[in-house]
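# Examination of the molecular architecture
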Number of protein chains: 2
Amino acid sequence: MELILYLKQHMILSPEMEAQVQEAFKREELPKGHRLLAPGNFSQKVFYVEKGVVRTYYMKDGKDITHSFILEGAFFISIESAFFNTPSPYGAEILEPGIIRTIPYQDLEKFIDDFQPLQKLSRLVMINAVKTFSDKLYSIQFQSAQERYNSMLEKFPDIMLRVPLGHIASYLGITQETLSRIRAGKV
Amino acid sequence: MELILYLKQHMILSPEMEAQVQEAFKREELPKGHRLLAPGNFSQKVFYVEKGVVRTYYMKDGKDITHSFILEGAFFISIESAFFNTPSPYGAEILEPGIIRTIPYQDLEKFIDDFQPLQKLSRLVMINAVKTFSDKLYSIQFQSAQERYNSMLEKFPDIMLRVPLGHIASYLGITQETLSRIRAGKV
DNA sequence: GTTACTTTTTGATATAGATCAAAAGCTTTG
DNA sequence: CAAAGCTTTTGATCTATATCAAAAAGTAAC
């Protein structure tokens with residue numbers, strides 16, 4: 001979803017404000033597989049996924065582990081870089097051709113400070129981030145691989161079809177072999 | 001740490017503002033074991049731990065699982081109740097005699113909207129919450145029970161001494177038996 | 001359509017940690 | 001200090017999922 005449309009769902013934007021937003025957020029059309037951020041790098045950009053699916057991941061013992069999928073109409077930022085001034089352990093890549101809007105966190109913060117309705121929205125975005133992690137933690141801690149797979153099927157049916165098995169397996173915290181067996185109903 | 005002191009570390013408070021805060025946050029001295037929130041209940045309060053340690057937990061298959069420890073000088077809120085208007089899956093209890101400040105989330109939000117410096121602080125608090133979950137998720141997903149125990153020893157040496165073994169085990173995502181064996185170095 | 005390459009599945013085996021059951025250590029209370 | 005009640009430890013066994021290795025299936029390239 002276009003950024004402006006997204007914002008308008010949450011607040012009233014004056015034409016001037018709208019213009020300012022359009023200008024402040026860089027817009028890029030990117031090809032499948034384009035890497036937005038390499039693991040270990042430093043980036044204080046805020047990304048908004050206008051079209052496509054972004055995958056964040058990190059390297060663990062040489063293996064590529066999916067950390068999250070970011071669907072259209074969602075934001076993503078390296079907490080480590082933007083808030084803690086350390087390199088981002090996560091990389092990010094776009095899995096399909098898509099459109100990404102970016103803005104330096106510093107600039108966004110200025111916007112937020114000056115424009116009340118954005119404060120509520122930014123709080124909302126943060127709250128959702130906390131909720132997402134909290135839910136995922138619960139699922140890793142208490143659900144079996146089978147249960148996690150089932151809830152992911154419910155929650156992101158589309159992703160399951162568009163993304164290679166290995167990415168999904170590592171996102172679920174299991175090996176590809178186990179996921180394959182689960183899908184085959186052999187567990 | 002006293003709430004006002006905590007706030008003064010992050011911003012300049014006028015005497016009037018200070019008085020307003022003192023009044024808005026109810027102050028309660030509570031005995032060991034006092035339950036601040038029962039699992040399954042609804043509460044939109046924001047809690048600040050001025051003294052003592054608070055434990056949040058939930059019930060899973062009849063077992064009490066520790067979700068987090070909240071140390072002095074930290075906030076806690078039921079995301080589910082305050083932000084999603086659903087009952088809180090988590091309960092909260094104070095593990096030692098202590099002092100808790102509370103304010104309805106609605107009231108706090110008004111404060112925040114009206115007082116710039118609080119916006120930054122509330123963002124900071126949320127960011128820390130995300131980071132905490134993100135780290136804990138990582139540890140559950142990739143560290144062995146032994147490694148998790150070690151990092152907890154480093155991070156919260158005091159808690160390890162003050163809290164019953166069962167609470168720590170469930171926090172680490174393992175059984176009490178396993179934790180006992182780890183401590184004995186039998187793993 | 002055959003070759004080469006990638007992704008997925010299948011099979012055999014290993015292991016961290018769970019579960020169940022009981023013993024041993026601590027606290028509290030009268 | 002003995003009885004009762006918790007908390008922690010120890011032991012034996014079980015299970016979900018990992019790991020390693022190879023086969024099968026799918027996709028692309030010529």
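Above this text sits the structure in question.
The paragraphs below set out a description of the structure included in this document. If you're wondering where the values come from, they're calculated on a predicted model, not measured in any experiment.

## Notes on the relation of the copies chain B and chain A
Mapping chain B onto chain A leaves a residual RMSD of 0.0 Å; the transformation is a rotation of 180° accompanied by 0.0 Å of translation along its axis. A rotation of that kind, with that shift, is consistent with a two-fold axis. Here 100% of the contact residues of chain B are again contact residues in chain A; the copies associate through an equivalent surface.

## Description of the nonpolar core
L36, F47, V54 and L172 of chain B are the most contacted members of the largest nonpolar core, which totals 31 residues. Apart from residues no more than four positions distant in its own chain, F47 of chain B is found in contact with L36, F75, F76, I77, I100 and T102 of chain B. Counting residues in each nonpolar core, the second largest holds 30 residues, with V49, F69, L108 and L118 of chain A among its members.

## Quick word on unusual backbone geometry
One non-glycine residue, N85 of chain A, lies in positive phi territory at about 55°. Using a count of 9 C-beta atoms within 10 Å as the deciding quantity, one classes N85 of chain A as exposed.

## Brief notes about the sheet that holds strand β4 (residues 54-60) of chain A
All names here are of chain A. Ordered in space as β2-β7-β4-β5, the four strands form an open sheet in which the pairing is antiparallel. Looking at strand neighbours, the two that pair on one side only are β2 (35-37) and β5 (63-70), the edges of this open sheet. Neighbour-to-neighbour, the strand axes of this sheet turn through a mean angle of 30°, independent of strand direction. In the sheet, β4 pairs with β5 via seven bridges, with the strands oriented antiparallel. Residue V54 lies in a different strand from β5, and its bridge partner there is I70.

## So, the interface of chain B and chain A
Taken together, the contact pairs 19 residues of chain B with 19 residues of chain A. Put simply, the parts of the chain that give the side of chain B that touches chain A at least two residues each are α3 (79-84) and α5 (116-142) of chain B. At 14 residues, α5 of chain B tops the list of elements feeding residues into the side of chain B that touches chain A. Residues belonging to the side of chain B that touches chain A are distributed by class as follows: ten nonpolar, five polar and four charged.

## Things to note about the protein's contact with DNA strand D
The environment of DNA strand D is made up of 17 residues, and the closest members are S144 and T178 of chain A together with L165, S180 and A184 of chain B. Counting residues per element, the ones that place at least two in the surface near DNA strand D are α6 (145-155) and α9 (176-183) of chain A together with α8 (165-172) and α9 (176-183) of chain B. At five residues, the largest contribution of residues to the surface near DNA strand D is made by α9 of chain B. By residue class, the composition of the surface near DNA strand D is five nonpolar, seven polar and five charged.

## Examining the protein's contact with DNA strand C
Inspection of the region around DNA strand C gives 17 residues, with L165, S180 and A184 of chain A together with A145 and T178 of chain B positioned closest. When residues of the surface near DNA strand C are traced back to their parent elements, those giving at least two are α8 (165-172) and α9 of chain A together with α6 (145-155) and α9 of chain B. Considering every element that reaches the surface near DNA strand C, the biggest residue donor is α9 of chain A, with five residues. Along the lines of polarity and charge, the residues of the surface near DNA strand C split into five nonpolar, seven polar and five charged.

## Section: the pairing of strand β8 (residues 98-104) of chain B
Residues and elements named next belong to chain B. Judged from the five bridges that link them, strand β1 (residues 26-30) and β8 form a sheet pairing that is antiparallel. From the neighbouring strand, E29 faces β8, where its bridge partner is I99. In this structure, strand β3 (residues 45-51) lies alongside β8, joined through six bridges in antiparallel fashion. Across the sheet, residue F47 finds its bridge partner in β8, namely T102.

## Structural notes on the environment of G40 of chain B
Mapped onto the elements, G40 of chain B comes out in the loop between β2 (35-37) and β3. Taking the C-alpha atoms as reference, G40 of chain B lies 9.4 Å from M59 of chain B; in sequence the two are 19 residues apart.

Cut-offs used in this document
- Residues numbered from 1 in each chain as written.
- Chains lettered and ligands numbered in written order.
- Predicted model: local features only at pLDDT ≥ 70, side-chain atom pairs only at ≥ 80, totals over all residues.
- Least-squares fit on C-alpha atoms with pLDDT ≥ 70 in both.
- Contact = placed C-beta atoms within 7 Å.
- Core = buried A, V, L, I, M, F, W, Y, C linked by C-beta atoms within 7 Å.
- Buried ≥ 20, exposed ≤ 12 C-beta atoms within 10 Å, placed from the backbone.
- Pairing = 2+ DSSP bridges.
- Helix = DSSP H or I, 4+ residues; strand = E, 2+ residues; numbered from the N terminus.
- Axes fitted to C-alpha atoms, helices over the stretch in contact; angles between N-to-C directions.
- Nonpolar A, V, L, I, M, F, W, Y, C, P; charged D, E, K, R; others polar.
- Near = placed C-beta within 6 Å.

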